[in-house]
Amino acid sequence: MKLLELAEKLVAGCRDGSDTANLDTLYAEDAVSVEAVCMPGAESRETHGLEGIKGKHAWWNENMELLDGTISGPFPHGEDRFAVHFAMKVRDKNSGETTEMEEVGVYHVADGKIVREEFFYKMD
């Protein structure tokens, strides 16, 4: 899959809620996901492998409710990277706390698959 086609499919999936279903199609089996900080319950900022990335998506869906949000992009960078900007208002399903956050995802692509994603964010 070409970079822009892959990037547009990722963004479309985030917008229509099929992002988890798209993981098998868009990500390499050995992909790496890197968060800006270590997430609750994680041992590291890095998650290795498609199954681990699926686990991150499952955790998010079980614990967070999207109240409002916009997705901008993709923003291609050469032949091997693109970025996406996310602005979200979310509610923690456990505490009820509402947070507004912005996040930039930088996605690295090789052989038509996402091989690395890195997230940069700020939260209220």
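Going by the structure above, here's the rest.
Residues numbered from 1 in each chain as written. Predicted model: local features only at pLDDT ≥ 70, side-chain atom pairs only at ≥ 80, totals over all residues. Heavy atoms only, no water.

For strand β3 (residues 64-77) and strand β4 (residues 81-92), the ladder comprises eleven bridges, and the chain directions are antiparallel. Note on β4: the bridge partner recorded for Gly 69 is Met 88. Counted between consecutive antiparallel strands, the loop separating β3 from β4 contains three residues, among which Gly 78 sits at a positive phi close to 70 degrees. For β4 and strand β5 (residues 98-110), the ladder comprises eleven bridges, and the chain directions are antiparallel. Opposite Phe 82, over in β5, you have Tyr 107 as the bridge partner. Hairpin connection between β4 and β5: a loop of five residues separates the two successive antiparallel strands, and Gly 96 in this loop has a positive phi of roughly 80 degrees. (Pairing = 2+ DSSP bridges. Helix = DSSP H or I, 4+ residues; strand = E, 2+ residues; numbered from the N terminus.)

Let's shift gears to the environment of Gly 112. Relative to the assigned elements, Gly 112 resides in the loop between β5 and β6 (113-123). Between the C-alpha atom of Gly 112 and that of Lys 2, which follows or precedes it by 110 residues, the distance is 5.8 Å. Residue contacts for Gly 112: discarding those within four places in its chain leaves Met 1 and Leu 6. (Contact = heavy atoms within 4.5 Å.)

Counted according to the given criterion, the structure contains three aromatic pairs. Measuring from ring centre to ring centre gives 4.9 Å for Phe 82 and Tyr 107, while their planes differ by 15 degrees; the resulting arrangement is stacked. Taken together, the residues Phe 82 in strand β4 and Tyr 107 in strand β5 connect sequence positions 25 residues apart. Residues Phe 82 and Tyr 107 agree in their burial class; the two are buried. Both rings, one in Tyr 107 and one in Phe 119, keep their centres 6.1 Å apart while their planes meet at 85 degrees; by these two values the pair is edge-to-face. Of this pair, Tyr 107 sits in strand β5 while Phe 119 sits in strand β6, and the two are twelve residues apart along the sequence. Since its relative accessible area comes to 3%, Tyr 107 is described here as buried. Through successive ring pairs, a cluster of aromatic residues spans Phe 82, Tyr 107 and Phe 119. (Phe/Tyr/Trp six-rings, centres within 6.5 Å; stacked < 30°, edge-to-face > 60°. Buried < 20%, exposed > 50% of the residue type's maximum accessible area, 1.4 Å probe, protein only.)

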